[in-house]
Amino acid sequence: PGITESVVGKMVAGARVVMFRPEEELCKLARLAVTMPSVKEILKQDLPAAAKIEALKGTPEGREWLEIFEKQKDPWFYVSCGSGWFHHEGSWINRLDVPFGYLKSYLERLEKGERIERYLEDIEAERDRLLEEYLRLIKSEEDRTSFEEAYRTCRTIYRYAEDHLFWVEHWLHTILFEKMREFGRIFVRYGILKEVDDIFLFNRFEIPPIIEDLVTAWALGEGVPSRASYWQQKAARRKEILEAAKKWSPPPALGTVPKEIAEPFTVMLWGVTQEKVDEWLKGVSAAAPTDIQEIKGFAASAGAAEGRARVIRLLEEISTIQSGEIIVCPTTNPAWAPIFTKVKAAVTDIGGLTSHAAIVSREYGLPAVTGTGIATAVIKTGDRIRVDGSTGVVTILERAQGEGG
């Protein structure tokens, strides 16, 4: 009784799961590049990934490094740059500037003598220490046996859950979206659609008629008009709707909050509880975000840290993170793992105790507060904040001068 949820989280930390392999393989590539001076210098340049690859092809060391790189790409670069559920997020394999940006950062940090891998040995040692302390508190043999069985089950299931995350939400969806883009390229080649990704503006019932229109126009002979203008007008109209939706601020909640939220995924993964909803609504009622000096969320990963905040809303902003900053974002995803050896703590709007930010922060020994609901609206880049991952409280100590991000 009285054991905190963050301590329970630490008891299952130190996971050796495939979801961490993309980052681990990237670390290996970085360490290999350090032993190859010409490769290291090319990878450190401020160039697009495609230009770096062309430059690497011009040296024996570069070709050797690229050969190993090509072997690692499948499956480890089939990791989404986002959640894995949306086509527009892309993956490392088709947005190579993302992993190559991480490689550049790794090389710079290795030159400073920093470690780029997670301190797995330390995490495992802390896990085993906490487990042994807790076992000593259990008095009866029956309770001890019950706990040990539950613990083994939890550790076993945890691994399969994280492995599923990589193989389904990342590897499989990367392949799926690329297959859809193959059809998109065909539609563009024959003038049915204007852009490859326009295919994602149509639902699964509309794609067969588009294919039928294309095939019919082709079969009837040269110069036969297709319905291209019809489909292109639909695509253009839907783009306008999406752009309007981006500018829309939805209400803080729809409907009445249930008296009790007990569904485990809602609570543990997304961090939605009656208490948390009440905290989120404080941000709505405040006269201005600057009126709020303290935010509450889930105590997702124990420990405390102070530092300058870096608010990240888009993947493209990841490269702006500086060593020692605290990442503040709507939610994190596996493709961001390489920055967790660079930051001091993490704060998210969305997520419970089993969200990605919570799990990864525990794996890297970083304090984390998840499910704050309003962190990205209240905190600005440059604010000095304190993150207490043991109590779930984020305190704004000093506001940044001028405009924040």
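For the structure itself, consult the block above.
## Digging into the pattern of salt bridges
Then step 1. By the definition in use, this model includes 35 salt bridges.
Then step 2. Taking the shortest distance from any N to any O, the salt bridge between glutamate 70 and lysine 73 comes out at 3.2 Å. A residue pair is termed a helical-turn pair when its members lie 3 or 4 positions apart in one helix, as glutamate 70 and lysine 73 do in helix H5 (residues 60-76) at three residues.
Then step 3. With a relative accessible area of 15%, lysine 73 lands in the buried category.
Then step 4. Its salt-bridge partner being aspartate 128, residue arginine 127 comes within 3.2 Å of it at the nearest N-O pair.
Then step 5. You can call arginine 127 buried: its relative accessible area is 9%.
Then step 6. Connected through salt bridges with shared partners, the residues Glu306, Arg308, Arg384, Arg386, Asp388 and Glu398 form a single ionic network.

## Points about the packing of aromatic side chains
One pair of aromatic rings is described through two measures. These are the centre distance and the angle between the planes.
Then step 1. A complete count under the given rule lists 17 aromatic pairs for this structure.
Then step 2. Arranged with centres 5.3 Å apart and planes meeting at 35 degrees, the rings of tryptophan 76 and phenylalanine 166 form a pair that is tilted. A residue pair is termed long-range when its members are at least 10 positions apart, and tryptophan 76 in helix H5 and phenylalanine 166 in helix H8 (residues 141-189) qualify at 90 residues.
Then step 3. Overall, the relative accessible area of 0% leaves phenylalanine 166 in the buried class.
Then step 4. Following the ring pairs from residue to residue traces out a cluster consisting of Trp65, Phe69, Phe77, Trp92, Phe100 and Tyr102.
Then step 5. When the ring centre of tyrosine 230 is taken as reference, the NZ or CZ atom of arginine 227 above it lies at 4.4 Å.

## Remarks on the environment of arginine 31
Then step 1. Inspection of the secondary structure assignment puts arginine 31 in helix H2 (residues 21-34).
Then step 2. Taking the C-alpha atoms as reference points, arginine 31 and leucine 130, 99 residues apart in sequence, are found 33 Å from one another.
Then step 3. Aside from chain neighbours lying at most four places away, what touches arginine 31 is Leu110, Ile116 and Glu117.

## A word on the packing of H2 against H5
Then step 1. Contact geometry for H2 and H5: axes closest at 10 Å, N-to-C directions at 175 degrees. In this view, H2 runs roughly antiparallel relative to H5, as classed from their interaxial angle. Taken together, the residues of H5 that come into contact with H2 (itself represented by Arg21, Pro22, Glu25, Lys28, Leu29, Leu32 and Ala33) are Trp65, Ile68, Phe69, Gln72 and Trp76.
Then step 2. Of the residues in the contact of H2 with H5, the class split is eight nonpolar, one polar and three charged.

## Some thoughts on the side chain of aspartate 349
Then step 1. Summarising the element assignment, aspartate 349 is placed in the loop between strand E5 (345-348) and helix H13 (356-364).
Then step 2. Buried aspartate 349, no salt bridge; nearest opposite-charge side chain is arginine 313, N-O distance 6.6 Å.

## A look at the sheet that holds strand E8 (residues 393-398)
Then step 1. The mixed open sheet is built from eight strands, whose spatial order is E1-E8-E7-E3-E4-E5-E6-E2. Each of the sheet's edge strands pairs with one partner strand only, and the pair in question is strand E1 (294-296) and strand E2 (298-301). Along the sheet, successive strands turn relative to each other by an average axial angle of 30 degrees, direction set aside.
Then step 2. Bridge count between E1 and E8: three bridges; the pairing is antiparallel.

The rules behind the values
Residues numbered from 1 in each chain as written. Predicted model: local features only at pLDDT ≥ 70, side-chain atom pairs only at ≥ 80, totals over all residues. Heavy atoms only, no water. Salt bridge = Lys/Arg side-chain N within 4 Å of Asp/Glu carboxyl O. Helix = DSSP H or I, 4+ residues; strand = E, 2+ residues; numbered from the N terminus. Buried < 20%, exposed > 50% of the residue type's maximum accessible area, 1.4 Å probe, protein only. Phe/Tyr/Trp six-rings, centres within 6.5 Å; stacked < 30°, edge-to-face > 60°. Lys NZ or Arg CZ within 6 Å of the ring centre and 35° of its normal. Contact = heavy atoms within 4.5 Å. Axes fitted to C-alpha atoms, helices over the stretch in contact; angles between N-to-C directions. Parallel < 35°, antiparallel > 145°, perpendicular 65-115°, else oblique. Nonpolar A, V, L, I, M, F, W, Y, C, P; charged D, E, K, R; others polar. Lys, Arg positive; Asp, Glu negative; His and termini not counted. Pairing = 2+ DSSP bridges.

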